[in-house]
Amino acid sequence: NATKAGVLTVASSGNSSDKPYVTGTPGAAPSALSVAQTAVPSSVQLYLRVNPPASNAGLYPAVFQPWSAPLTTAVTAPVQYGDGAGGNRNGCAAFAPGSLTGKIGLVDRGGCNFTLKVANVANAGGLVGIIGLIAPGDPFEGGDGGDAGADLIPGFMISQSVSDGLKENVAGQAGRTVTFDPADGAPLVGTMVGSSSRGPAMLTNIIKPE
């Protein structure tokens, strides 16, 4: 009806992420101008640097969790997966006091709030908390569960493949460290964020968002 009256409708593409043929209405209408969500000018893609002699040494994307402490200085430390002995892999239980001092804590996604996982790492003396996905997909900004201590250290999320690569290099192998450095980043201004719908429109195959 707006189009018949000569009015252009500008509408959101939706927030269903990168799923084929999923886009919001009325943005999906052929006569509508569909708009994606893009990163703000200050957005930066930070990286996790796996240092030699690890077999998977290199830079890997790591999504900063905005409810955690900002990464202001470079942190280089060994990684501990769970409690280091095969337990508490998802980080939902408290770690022994001091058991992560001088270390970066890696835990699996699932079982409890993202914030509780990072808080447990922080409360055990960890320098950075990493949440590793346990299924294929892109890492993302997780919800704020309000758990005390989650804002004491930086928190990041990494993909399943990156997490699996870390696990291969942390068990009983001296000298394996990773680095989080605010200088290791790429600007994201003008790029689509991971939650924005990618289209195209169902039935018509029209490219959405425009």
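Quick look at the structure, then. All of these numbers come straight from a predicted model, not from anything done at the bench.

### Some remarks on the packing of aromatic side chains
At step 1: Under the counting rule described, the total for this entry stands at three aromatic pairs.
At step 2: The interplanar angle of 75° and the centroid separation of 5.9 Å between the aromatic rings of phenylalanine 114 and phenylalanine 140 together place this pair among those described as edge-to-face. Placement of phenylalanine 114 in helix H1 (residues 114-123) and of phenylalanine 140 in the loop between strand E8 (128-132) and strand E9 (155-158) is noted, with a sequence separation of 26 residues between them.
At step 3: With relative accessibility at 13%, the residue phenylalanine 114 sits in the buried group.

### Observations regarding a nonpolar patch on the surface
At step 1: Residues Leu8, Val10, Leu33 and Val35 make up a contiguous nonpolar surface patch of about 340 Å² in total accessible area.
At step 2: Its location among the elements puts leucine 8 in the segment before strand E1 (10-12).
At step 3: Judged by its relative accessible area of 55%, leucine 8 falls in the exposed class.

### Observations regarding the environment of tyrosine 47
At step 1: By the secondary structure assignment, tyrosine 47 is in strand E3 (residues 44-50).
At step 2: Of the residues examined, tyrosine 47 reaches a relative accessible area of 22% and is grouped as partly exposed.
At step 3: Those residues in contact with tyrosine 47 that sit more than four places away from it in its chain are Leu59, Tyr60, Pro61, Ala62, Thr179, Phe180, Asp184, Gly185 and Ala186.

### Considering the pattern of salt bridges
At step 1: Here the structure, examined in full by the defined rule, presents four salt bridges.
At step 2: A salt bridge links arginine 49 to aspartate 184; the shortest N-O distance between them is 3.1 Å. Pair noted here: arginine 49 is in strand E3 and aspartate 184 is in strand E10 (residues 178-187), with a separation of 135 residues, a long-range link.
At step 3: Glutamate 210 is the partner of lysine 208 in a salt bridge, and the nearest nitrogen-oxygen pair spans 2.9 Å.
At step 4: A relative accessible area of 1% places lysine 208 in the buried class.
At step 5: Several salt bridges share partner residues, and in doing so they unite Asp108, Asp164 and Lys167 into one network.

Rules used throughout
Residues numbered from 1 in each chain as written. Predicted model: local features only at pLDDT ≥ 70, side-chain atom pairs only at ≥ 80, totals over all residues. Heavy atoms only, no water. Phe/Tyr/Trp six-rings, centres within 6.5 Å; stacked < 30°, edge-to-face > 60°. Helix = DSSP H or I, 4+ residues; strand = E, 2+ residues; numbered from the N terminus. Buried < 20%, exposed > 50% of the residue type's maximum accessible area, 1.4 Å probe, protein only. Patch = residues over 30% accessible without salt bridge, like charges linked within 9 Å, V, L, I, M, F, W, Y side chains within 5 Å. Areas by Shrake-Rupley, 256 points an atom, 1.4 Å probe, with all protein chains shown as cover. Salt bridge = Lys/Arg side-chain N within 4 Å of Asp/Glu carboxyl O. Contact = heavy atoms within 4.5 Å.

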